[in-house]
Amino acid sequence: MEKLIINTKKAPAALGPYSQAVKVGNVLYTSGQLAINPANGEFINDDIKKATAQSLDNVKAILEEAGSSLDKVVKTLVFLKDINDFDSMNEIYSKYFTTNLPARSCIQAGKLPKDALVEIEVIAIA
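An account of the accompanying structure is given in this report. (Residues numbered from 1 in each chain as written. Predicted model: local features only at pLDDT ≥ 70, side-chain atom pairs only at ≥ 80, totals over all residues. Heavy atoms only, no water.)

On to the packing of aromatic side chains, then. The geometry of an aromatic ring pair is captured by two quantities: the separation of the ring centres and the angle between the planes. Within the structure shown, the criterion is met by 1 aromatic pair. Look at Tyr93 and Phe97: their rings are 4.7 Å apart centre to centre, the planes differ by 35°, and that puts the pair in the tilted class. Take Tyr93 and Phe97: they sit in the same class, and that class is buried. Cation over ring: Arg104 sits above Tyr93, and NZ or CZ is 4.4 Å from the ring centre. Residue placement shows Lys114 over the ring face of Phe43; its charged tip is 5.2 Å from the ring centre. (Phe/Tyr/Trp six-rings, centres within 6.5 Å; stacked < 30°, edge-to-face > 60°. Buried < 20%, exposed > 50% of the residue type's maximum accessible area, 1.4 Å probe, protein only. Lys NZ or Arg CZ within 6 Å of the ring centre and 35° of its normal.)

Following this line, the structure appears as structure tokens:
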């Protein structure tokens, strides 16, 4: 199977030597998305709800670039700076995933890039 690299200007550029997403066959793997607004570079690091929304907006843009959508996500991985933000993150997350709910893992990470509040990655059908 061929490996296809996915990149879009509608999501932030990678902060290191990795791709925004990789598609193999009909499976799409996104890299973790921080709360960076790709239009202006603003990094949201003071409000978990706004940060979660921006991270998921970035995921959504990558999925759409690859011909997929949030409805086709089969697994999400959510990394939180503070697990006490779980309920607030979940409130926003539930607005993005309303039907065909994916499987999910959510953990408190020791430290995230740029000292982020949240990082979200997904696996989806493309």
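Our focus in this paragraph is the sheet that holds strand S1 (residues 3-6). With mixed pairing, 6 strands are arranged side by side in an open sheet as S1-S2-S3-S6-S4-S5. Strand pairing shows two members of the sheet lacking a second neighbour, S1 and strand S5 (103-108), which therefore form its edges. Ignoring strand direction, the axes of neighbouring strands in this sheet form an average angle of 15°. Direction of pairing for S1 relative to strand S2 (residues 21-24): antiparallel, over a ladder of 4 bridges. Bridge pairing links Ile6 to Ala21 in S2. Along the sheet, helix H1 (residues 48-65) contacts S1, S2, strand S3 (27-30), strand S4 (73-80) and strand S6 (118-125); its crossing angle with S6, the most-contacted strand, is approximately 30°. Each of S4 and S5 touches helix H2 (residues 86-96); the most contacted strand, S5, lies at about 150° to it. (Pairing = 2+ DSSP bridges. Helix = DSSP H or I, 4+ residues; strand = E, 2+ residues; numbered from the N terminus. Axes fitted to C-alpha atoms, helices over the stretch in contact; angles between N-to-C directions. Contact = heavy atoms within 4.5 Å.)

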